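Breakdown of the fold
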Amino acid sequence: MLTSAVLALLLIAPSAAPGPIVVHQGGKRVTRSLTDGAETRSLLDMQAGVTRTVTGVPLDRLVRAPSGQLIVLRFDNGVIVPVQAAHAGEVFIATSWTRADGVVEKTFPPVPRAPEFNLDPRPVTFAHNKAVVSKGNAGGLPAPVGHGFTPWSRTSSLVEARVMSPRAFVDRIAPKKAPAEGATAARTGQDLFVRRCVYCHGVNDVGASFGTDVLVGVPLADRYTVESLQAQVATHKLDDYQAGLMMPPQHDLTRAEARQLHTFFRALKAAPPTR
Ligand code: HEC
């Protein structure tokens, strides 16, 4: 008979085969293997800061989406990255890599930290695959804001891809109704959120789940003032990282931008998007 300890071990043991990726497209849900038709390439892995010989599949082969659509990737640590279909070839999903001595490794070493996270002691770890990209804006991400933050430095193993229009992507995290006052500021705040925050923060349980949800629990709009929001984002306190928290500071966020984000958060609270 299995003791509960053995059972627990069995449950947490990583599966030997790289897990298939769940793809949602056109109202259908299919699973795609990462090993069928795998190819080998030598690529600069920007996240790890090394060039490796990797085996896996390029995203444009794994998910075929018409140009103009987004392929929204979800990683097992809750980070999401909306990749433009036309740039999907810049993202390679690797399941193994070959060392200089020819030995094939099925696991990827944890990434200790990326330059913009140099206060963050916690590594990114990988279960059975790793997204390899060679530049920070791979996948057609919007130009990095200010100090060059890129969500690719925090992606772990890919679990799901969802094909949708850019419009549908934004609608899922936008207020149902524009506020009577401050509609323009709320809209600018929404654009800022999409460029700077959407990779980690979900809205009403939709989207990313790496950081705190904007609405679930006590909404951020109620817990933060414009000033404390700016302070939280721009100068994330040292004691936060010592407590094991992982939000990278975005030092360049201005007071005006914090106000626009705050207006957006208030608009979301007043008219939450449907889940
Ligand atoms: C790389 C991922 C990441 C990005 C990008 C990110 N955050 Fe965070 N954020 C987190 C994580 C993780 C936490 C929870 C732990 C912490 O406080 O560090 C958090 C916490 C917060 C908190 C505190 C929540 C609370 O419960 O008090 C606020 C406010 C916040 N983020 C706002 C933002 C805003 C606004 C942006 C965009 C300008 C942003 N974050 C971008 C990961 C991120």
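Calculation rules
Residues numbered from 1 in each chain as written. Predicted model: local features only at pLDDT ≥ 70, side-chain atom pairs only at ≥ 80, totals over all residues. Helix = DSSP H or I, 4+ residues; strand = E, 2+ residues; numbered from the N terminus. Buried ≥ 20, exposed ≤ 12 C-beta atoms within 10 Å, placed from the backbone. Contact = placed C-beta atoms within 7 Å. Axes fitted to C-alpha atoms, helices over the stretch in contact; angles between N-to-C directions. Parallel < 35°, antiparallel > 145°, perpendicular 65-115°, else oblique. Nonpolar A, V, L, I, M, F, W, Y, C, P; charged D, E, K, R; others polar. Pairing = 2+ DSSP bridges.

What follows deals with the environment of valine 81. As for its placement among the helices and strands, valine 81 is situated in strand E6 (residues 80-84). On the neighbour-count criterion, valine 81 (25 C-beta atoms within 10 Å) is buried. Counting along the chain gives 69 residues from valine 81 to threonine 150, while the straight-line C-alpha distance between them is 9.9 Å. Other than its neighbours up to four places away in sequence, valine 81 contacts Leu73, Gly139, Pro151, Thr155 and Tyr199.

Direction vectors running N to C along helix H4 (residues 183-196) and helix H8 (residues 255-270) enclose 100°, while the axes themselves pass 7 Å from each other. Relative to H8, the element H4 is oriented roughly perpendicular. For the pair formed by H4 and H8, the contact residues are Ala185, Ala186, Thr188, Gly189, Gln190, Leu192 and Phe193 on the first element and Glu257, Arg259, Gln260, Leu261, Thr263, Phe264 and Ala267 on the second. Residue composition of the contact of H4 with H8, grouped by class: seven nonpolar, five polar and two charged.

It is worth spelling out the sheet that holds strand E1 (residues 21-25) at this point. Strand order in the open sheet formed by five strands is E2-E1-E10-E5-E6, and the pairing between neighbours is mixed. In this open sheet, the two strands that pair with only one neighbour each are strand E2 (28-32) and E6. Strand-to-strand, the axes of this sheet are offset by a mean angle of 20°, without reference to chain direction.

Structural measurements only, silent on function.
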